[in-house]
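Structural overview for review
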Amino acid sequence: MYQHVDPYQDVDRYQDWSDDGLLAVRAGEGDEEAFETLVRRHGPVMLRLATRLLGSRTEAEDAVQEAFVKAWRKLPEFRGESAFRTWMYRIVTNRCLNQLRARHPATDLESVPEPAAPDPESSPARVAESHAAGRELAAAMGGLSPEQRVCWVLRELHGMSYENIAETVGISLQAVRGRVFRARRYLTEAMSAWR
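A brief look at the structure comes next. Starting afresh in each chain, residues are numbered from 1 along the sequence in its written order. This being a predicted model, a pLDDT of at least 70 is required before a residue's local features are given, and a value of 80 or more before pairs of side-chain atoms are given or counted; all residues contribute to the totals for chains, interfaces and linings. Processing note: side-chain calculations cover all non-hydrogen atoms of the structure and skip hydrogens and water entirely.

1. Thoughts on the environment of F84
- Residue position: F84 is located in helix α4 (residues 84-102).
- The spatial distance from the C-alpha of F84 to the C-alpha of G21 is 6.5 Å, given a sequence separation of 63 residues.
- By the convention used here, residues are in contact when the closest approach between their heavy atoms is within 4.5 Å. With sequence-adjacent residues up to four places away left out, F84 is seen in contact with D20, A24, L38, H42, L75 and F78. The helix count covers DSSP runs of H or I at least four residues long, the strand count covers runs of E at least two residues long, and both are numbered beginning at the N terminus.

If you want it as structure tokens, here you go:
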């Protein structure tokens, strides 16, 4: 169901539809092309989220594919009480949480993706320092509980509001604030050598 597609591909009949709700209704009625449009539109964001949560591109691709398969099956039940994107965030987040909870407590650093290529103007020492800091952050994130990690990633890396995180994860606003606070405090302490 989920495939790597150029998100800027300009060849679908729904290109003038900007309403995800309408696409979701059509997909819920069995319109595969409408669903493919939703996958193209939201797949890249969901893949970035899953990769950040799981630390593995391969696991993330599997999680996103499974999430879109689940969404396809559940679309007839989708009522539009929240935006399609929010609904997908919740499905992907829950899938990733289940995978994180099933893992052993220690994070395998081999599964953490390499940091982005450095600026060619950077010095070798700066590049080495950047890579070391990235590995240290990945290791530190392994010390967070899955619930803290999800809330921190949604807040700090995806810029979601506390209210949207609460809706996505299905917890209270107070619980979100507490998890983000504890994650920030833990990561600040774990990364203190890099300040």
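2. Let's talk about the packing of helix α3 (residues 57-74) against α4
- Lines fitted to C-alpha atoms define the axes, with helix axes restricted to the stretch in contact, and inter-axis angles between N-to-C directions lie between 0 and 180 degrees. Running from amino to carboxyl end, α3 crosses α4 at an angle of 130°, the nearest separation of the two axes being 9 Å. For the element pair α3 / α4, the angle class is oblique. Here the hand of the crossing between α3 and α4 comes out right-handed. On α4, the residues touching E59, A63, E66, A67, F68, K70, A71 and K74 of α3 are W87, M88, I91, V92, R95, C96 and Q99.
- In this count, Pro and Cys sit with the nonpolar residues alongside Ala, Val, Leu, Ile, Met, Phe, Trp and Tyr, while Asp, Glu, Lys and Arg are called charged and the others, Gly among them, polar. Class assignment for the residues of the contact of α3 with α4 results in nine nonpolar, one polar and five charged. Each angle gets one of four labels, with under 35 degrees taken as roughly parallel, over 145 as roughly antiparallel, 65 to 115 as roughly perpendicular, and the rest as oblique. Each crossing is labelled by how the near helix is turned from the far one, with a counterclockwise turn of less than a right angle marking it left-handed and a clockwise turn marking it right-handed.

3. Overview of the pattern of salt bridges
- We define a salt bridge as a side-chain nitrogen of Lys or Arg found within 4 Å of a carboxyl oxygen belonging to Asp or Glu. Counted under the stated rule, the structure contains seven salt bridges.
- The closest approach of N and O atoms between E77 and K74, which form a salt bridge, is 3.9 Å.
- Residue classification places E77 among the exposed positions, given a relative accessible area of 52%.
- Of the charged contacts in the structure, one is a salt bridge between R184 and E156, with a shortest N-O distance of 2.4 Å. Think of it in three bands: with a 1.4 Å probe and only protein chains considered, a residue is buried below 20% of the maximum accessible area for its type, exposed above 50%, and partly exposed in between.

4. Some words on the side chain of Q99
- Structurally, the position occupied by Q99 is in helix α4.
- Here Q99 falls in the buried class, since its relative accessible area comes to 15%.
- Polar contact criterion, stated in full: a pair of N or O atoms within 3.5 Å, where within protein one must be able to donate a hydrogen and the other to accept it, and residues adjacent in sequence count only if both atoms are side-chain atoms. Within polar-contact distance, the side chain of Q99 engages the side chain of E59 at 3.4 Å.
- Setting aside anything within four residues of it in sequence, one finds Q99 in contact with L54, E59 and A63.

5. Re the packing of aromatic side chains
- In this scheme Phe, Tyr and Trp rings, the latter by its six-membered ring, pair at centre separations within 6.5 Å, and the angle between planes marks the pair as stacked below 30 degrees, edge-to-face above 60, and tilted otherwise. If you walk through the whole model with that rule in mind, you get five aromatic pairs.
- Relative to F68, the ring of F35 lies with its centre 6.1 Å away and its plane at 75°, an arrangement referred to as edge-to-face. Placement of F35 in helix α2 (residues 32-54) and of F68 in helix α3 is noted, with a sequence separation of 33 residues between them. Like F68, F35 is buried.
- Judged by centre distance (6.2 Å) and plane angle (85°), the ring pair of F78 and F84 falls under edge-to-face. Like F84, F78 is buried.
- Taken together, the ring pairs in this structure connect F35, F68 and W72 into an aromatic cluster.
- Cation over ring: R155 sits above Y162, and NZ or CZ is 4.3 Å from the ring centre.
- Lysine and arginine charges are scored as sitting over a ring when NZ or CZ, respectively, is within 6 Å of the ring centre and within 35 degrees of the ring normal. Over the ring of Y162 we find R177, and its NZ or CZ is 4.5 Å from the ring centre.

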